[in-house]
Amino acid sequence: MKNDKKWTQLWLSYNTRRDAGNGRFFGEVFFDGFDTQDPIIQNAWAELSRGLKGMLGVEPSLNKSGLSGSGFAVRRLTECAAEEFRLSCKDGSLVLEAADGKGVLYGVFHILRQIALERPLDQAQAVCRPDDPLRMLNHWDNMDGSIERGYSGRSFFFEDGEVLVDERTVDYARLAASVGINGVVLNNVNVKDQATWLITDRYFDKAAQIAKIFEGYGIRLFLSLNYAAPMELGGPDSADPLNGEVAAWWKEKFAEVFARIPNLGGFLVKADSEGRPGPFTYGRTQADGANMLADLVKPYGGIIIWRCFVYNCTQDWRDRKTDRARAGYDNFIQTDGDYRDNVILQIKNGPMDFQIREAVSPLLGGMTKTNQMLEVQAAQEYTGQQIDLCYLIPLFKEVLDFKTYCVPGRDTVADVVSGRTFGNKLCGMAAVSNTGNDANWTGNDLAAANFYGFGRLAFTTSLSAEEIAAEWAGMTYSCDKELTAAIVGLLMGSRETYEKYTSPLGIGWMVTPNTHYGPSVDGYEYSRWGTYHRADHLGLGVDRTDSGTGYVRQYHEPNASRYNSVEECPEELLLFFHHLPYTYMLKSGKTLIQHIYDSHFEGVEEVEEMIRTWESLKGRIPEGSYALVRERFERQLHNAREWRDQVNSYFYRKSGINDQKGREIF
Ligand code: GCV
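Residues numbered from 1 in each chain as written. Predicted model: local features only at pLDDT ≥ 70, side-chain atom pairs only at ≥ 80, totals over all residues. Heavy atoms only, no water.

**What to know about the domain arrangement of the protein chain**
And step 1. Taken domain by domain, the protein chain holds domain 1 (10-128), domain 2 (136-463) and domain 3 (501-542 + 579-655).
And step 2. In this structure, domain 1 and domain 3 have C-alpha centres spaced 46 Å apart. (Domains from an automatic or database assignment.)

**Topic: the environment of alanine 177**
And step 1. Positionally, alanine 177 belongs in helix 3 (residues 167-178).
And step 2. Considering only alpha carbons, one finds alanine 177 and methionine 292, 115 residues apart in sequence, at a separation of 32 Å.
And step 3. Sequence-distant contacts of alanine 177, defined by excluding residues within four places in its chain, comprise Leu105, Tyr106, Phe109, Tyr217 and Ile219. (Helix = DSSP H or I, 4+ residues; strand = E, 2+ residues; numbered from the N terminus. Contact = heavy atoms within 4.5 Å.)

**As for the side chain of serine 178**
And step 1. On the secondary structure map, serine 178 appears in helix 3.
And step 2. At 2.8 Å, the side chain of serine 178 and the side chain of tryptophan 11 are in polar contact.
And step 3. Apart from the residues within four sequence positions on either side, serine 178 is in contact with Trp11, Leu12, Phe109 and Arg113. (Polar contact = N/O pair within 3.5 Å; in protein donor to acceptor, adjacent residues only side chain to side chain.)

**Observations concerning the sheet that holds strand 11 (residues 220-225)**
And step 1. Strand order in the closed barrel made by the eight strands is 7-10-11-12-13-14-15-16, with parallel pairing throughout. Going across the sheet, the axis of each strand differs from the next one's by a mean of 25°, ignoring polarity.
And step 2. Bridging between strand 11 and strand 12 (residues 266-269) involves four bridges; their strand directions are parallel. By the bridge assignment for strand 12, leucine 225 is matched with valine 269. (Pairing = 2+ DSSP bridges. Axes fitted to C-alpha atoms, helices over the stretch in contact; angles between N-to-C directions.)

**Some words on the site of the ligand**
And step 1. If you check the shell around the ligand, you find 15 residues, and the closest are Glu148, Lys270, Arg307, Lys348 and Glu381.
And step 2. Contact between the ligand and glutamate 274: an oxygen atom at 2.8 Å from a side-chain N or O atom of the residue.
And step 3. Between aspartate 353 and the ligand, the recorded distance is 3.1 Å, taken from a side-chain N or O atom to an oxygen atom.
And step 4. When the ligand sits alone it has 340 Å² of accessible area, and the protein chains cover 96% of it.
And step 5. For the shell around the ligand, a count of residues per class yields four nonpolar, three polar and eight charged. (Near = heavy atom within 4 Å. Areas by Shrake-Rupley, 256 points an atom, 1.4 Å probe, with all protein chains shown as cover. Nonpolar A, V, L, I, M, F, W, Y, C, P; charged D, E, K, R; others polar.)

**Section: the sheet that holds strand 1 (residues 28-32)**
And step 1. The sheet built from six strands is open, its strands ordered 2-1-3-5-4-6 with mixed pairing. Either end of the sheet is taken by a strand with one partner, and the two such strands are strand 2 (61-63) and strand 6 (126-128). Within the sheet, the average angular offset between the axes of one strand and its neighbour, ignoring direction, is 15°.
And step 2. Taken strand by strand, helix 1 (residues 39-56) contacts strand 1, strand 2 and strand 3 (71-76), and its axis lies near 165° from that of strand 1.

**Description of the pattern of salt bridges**
Side chains that carry opposite charge are capable of pairing whenever their charged atoms lie near each other.
And step 1. With the rule as written, the count across this model stands at 49 salt bridges.
And step 2. With a shortest N-O distance of 2.9 Å, aspartate 240 and arginine 284 are connected by a salt bridge. Residue aspartate 240 is located in the loop between helix 6 (229-232) and helix 7 (244-260), and its partner arginine 284 is located in the loop between strand 12 and helix 8 (286-297); the two are separated by 44 residues in the primary sequence.
And step 3. The exposure class of aspartate 240 is buried, given its relative accessible area of 10%.
And step 4. Here arginine 284 falls in the partly exposed class, since its relative accessible area comes to 25%.
And step 5. Across the salt bridge formed by arginine 357 and glutamate 398, the nearest N and O atoms sit 3.2 Å from each other. Of this pair, arginine 357 sits in the loop between strand 14 (343-348) and strand 15 (372-377) while glutamate 398 sits in helix 10 (residues 393-401), placing them 41 residues apart in sequence.
And step 6. A single salt-bridge network, built from bridges that share partners, covers Lys5, Glu47, Glu167, Asp171 and Arg174. (Salt bridge = Lys/Arg side-chain N within 4 Å of Asp/Glu carboxyl O. Buried < 20%, exposed > 50% of the residue type's maximum accessible area, 1.4 Å probe, protein only.)

**What about the pairing of strand 12?**
Here is the key point about a regular strand: its side chains alternate between the two faces of the sheet.
And step 1. Sheet analysis places strand 12 next to strand 13 (residues 303-307), joined by four bridges and oriented parallel. Within strand 13, the position partnered with valine 269 by the bridge is tryptophan 306.

**Observations concerning the packing of aromatic side chains**
And step 1. Under the definition given, this model contains 37 aromatic pairs.
And step 2. On the basis of an interplanar angle of 80° and a centroid distance of 5.1 Å, the ring pair of tyrosine 382 and tryptophan 509 is categorised as edge-to-face. Within this pair, whereas tyrosine 382 is found in the loop between strand 15 and helix 10, its partner tryptophan 509 is found in the loop between helix 14 (481-501) and strand 17 (539-540), the two being separated by 127 residues in sequence.
And step 3. According to the relative accessible area criterion, tyrosine 382 is buried, its value standing at 5%.
And step 4. Plain terms: the ring middles of tyrosine 551 and tyrosine 555 are 5.5 Å apart, the flat faces sit at 85° to each other, and that makes the pair edge-to-face. Each member of the pair, tyrosine 551 as well as tyrosine 555, carries the same accessibility label: buried.
And step 5. Aromatic rings pair up to connect Trp249, Trp250, Phe254, Phe258, Phe267 and Tyr300 into one cluster.
And step 6. In this arrangement the basic side chain of arginine 202 is found over the ring face of tryptophan 197, its NZ or CZ atom lying 4.3 Å from the centre.
And step 7. Above the face of the phenylalanine 576 ring, arginine 544 is positioned so that its terminal group lies 4.4 Å from the ring centre. (Phe/Tyr/Trp six-rings, centres within 6.5 Å; stacked < 30°, edge-to-face > 60°. Lys NZ or Arg CZ within 6 Å of the ring centre and 35° of its normal.)

Here it is, written out as structure tokens:
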């Protein structure tokens, strides 16, 4: 389909498709029981018309009711759950049923996906209900237009202290809704300067406009809050949650905010973390902090999403007892059960910070009486910054599949965050968004698979990473089997390749401080962030066992014992949990040091292979996309070589042990 905009339409480009017998359903479309003036229904209809025209050249007409014979009907079915849709094909007619507009919208996107993938709809039998109640994107966009950890240009929400509302806002909402996103946090969790003023008259009109656009796509707007806002916006000179004046200030503030943005979903809060203020400053608990706000937003149906990324970021590397990995659990576990029912604790997937491999946070399922939400990072901060290819859905999947043993039976992280474990409704998944105002939204065209994949996975946690990759490739490029297989292969291998040439066996870090791209083995080793690898001339790894920091005991059994034992610990996490000599023998029959050498050489070879695969697709991928990705691969290769050489040289010089294969190590 022709696109005159300065940005692409990604998987919603609706280019011509082979008609797998689908066009015949859509001459007339009947809406039965739905108000066709409702903004969500209007958007669903507009999307359907646009997709059908682009992909199949069909221009349907809209009718209120009365399907007889073949056609497509959208019917209201009150038995459906909220957001659910059912699709069936009976007597030559395609029927989409839902109880609400969101169900219709998701059903329409499902149909368009089938058409884009050239799958016949007459075999369609689907009952689809999202697994996770909340499926959110967190933007770390700042009001000056920069994006914290953004690798795709500037913000399309903010520029020079102003909020932007334009056609791109609508396209963003379409893309997000098409993969089932139902909540968006607009601004960075580090709320400073002008962003503190987002909850003032200065910005209400624009924020309300965005909230309205989003609402038409089933998305609720959320804002990140500065916990010290009372002090910065002319209120009391305190942010103590138990101070009556502070609460009174917030009460008035929320009355104002919800009067101006009535459909606001609530707030995301980063407190007591990395210099951000919070309840600890006043000797209060995290629950005190969250509950004060939660009580005050409750009358408006608001929720408070409270992040658990609370740790001491001024550590001393000589201190071997303080362990950053322990911090989230230590700071929150005592408060389990103390939170109001409209508070959700948002927990990063790992206890450190979005490394290419780390253990799953023991808080997930560690808490059993508190609403929990999983936070992952689609933005590739530590995972290649959208220069290097790193498809993150396998990593997200691993986290979801992790068995927490918090209760007998339904105890995986997927169970916990979908509400299956504890029967709660306020839970789900959030991803730090990887988007920006680059024409292709995500810097690297292939990184859009992480945006797409996150939404699809949060909606249906049982989908495999491979299925999602194939869908994304088919919708974005074409349904050519060979092409899809090649792209799926590239995506599926990319995380392990990245892991191979960066930091080994779960140890993480070793990145250039601050920027977090490229190697610097000791960059964080002697700094205050608590991110150590503890390498010396004998060995490497952090001892988090009973005889070390004791972190392993934060897990339920049998996970705790498994991680505690060097023999039973999953090998990919060995150095996350254990400090081991370079001569330690791995299950592969290789020593630890040889594994480091080999994996780093392999990582580079795999990037070279990826480039060959990409080159074999020349002519079958639109030229612009081909060239852009080819250029990124070149930079990835440079990065991979740099990592290989720095890591190998570092460990060769530390250990004095030769590479058995005699390769060049500096
Ligand atoms: C938004 C890491 C990142 C920070 C980020 C922080 C967080 O430390 O490097 O940029 O701040 O995580 O998640 O709050």
